[in-house]
Amino acid sequence: MAIAAKLGYLILGVFQFLGFLETGVLCYQYQVGDLDAWGIPTKANPQVYNNWPKKHHFQIGDSLLFLYPPSQDSVVQVTEEALSTCKISDPVLRMDDGNSLFNITAPGKYYFTSGEPGHCEKKQKLEISALSANGSDLAPSYGPAMLPATSPAYPTVFGSIPSASSAFSSVSASAAFTIATTILTLFCSL
């Protein structure tokens, strides 16, 4: 039974991927600030990082490209509290190669600022909201905890379920999801 469930998850993942292709899933790479490189906002455009995310609708699969001179700046992903207080000493993620790509993998809010001391206080900070497929920036409220404890039993009408081949015996549900996600990521990066 466990092998059949694993095979079912693998097949489900493949069909989800095909469904993404059929519905025209599009992934975008956004250059943060558009024509402005990642840096301290200029006097000509002091609200660049407040206004820029309002022009875009970020979704799972999209990515943010931060361009900056690596000898002068960096990017750190931080918590909401760390962004509001400009505390950069304990970031969630640090990127410092001058060509930093952040992939959006889940719905929700993301917070970024410069890793250079004093830059956050000069308004070099960014907050974005990424939407899920249903248009929400919240994680789905369903999951294993929301499923019923038991399911109805139905008689076997067509005989027993054939056993899966040994090739699928080591495939787990998480592996199937990982495969589908990897295929989707590769497709989006084309």
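Above this text you will find the structure in question.
Criteria and cut-off values
- Residues numbered from 1 in each chain as written.
- Predicted model: local features only at pLDDT ≥ 70, side-chain atom pairs only at ≥ 80, totals over all residues.
- Heavy atoms only, no water.
- Disulfide = S-S within 2.5 Å.
- Helix = DSSP H or I, 4+ residues; strand = E, 2+ residues; numbered from the N terminus.
- Buried < 20%, exposed > 50% of the residue type's maximum accessible area, 1.4 Å probe, protein only.
- Pairing = 2+ DSSP bridges.

### Notes on the state of the cysteines
So, step 1. The full count for this structure, using the stated rule, is one disulfide.
So, step 2. The disulfide partner of Cys 86 is Cys 120, and the S-S distance across this bridge is 2.2 Å. Here Cys 86 and Cys 120 share a disulfide; its torsion about the S-S bond, -75°, makes the bridge left-handed. A residue pair is termed long-range when its members are at least 10 positions apart, and Cys 86 in the loop between helix 3 (80–85) and strand 5 (93–95) and Cys 120 in the loop between strand 7 (108–114) and strand 8 (125–131) qualify at 34 residues. Accessibility classification places Cys 86 together with Cys 120 in one group, the buried group.

### A look at the sheet that holds strand 5
So, step 1. The strand order 2-8-7-4-5 describes an open sheet built from five strands, whose pairing is mixed. At either end of the open sheet lies a strand with only one pairing partner, and these are strand 2 (58–59) and strand 5.
So, step 2. Relative to strand 5, strand 4 (residues 75–78) is paired through three bridges, and the arrangement is antiparallel. Across the sheet, the residue bridging to Val 75 is Met 95, located in strand 5.

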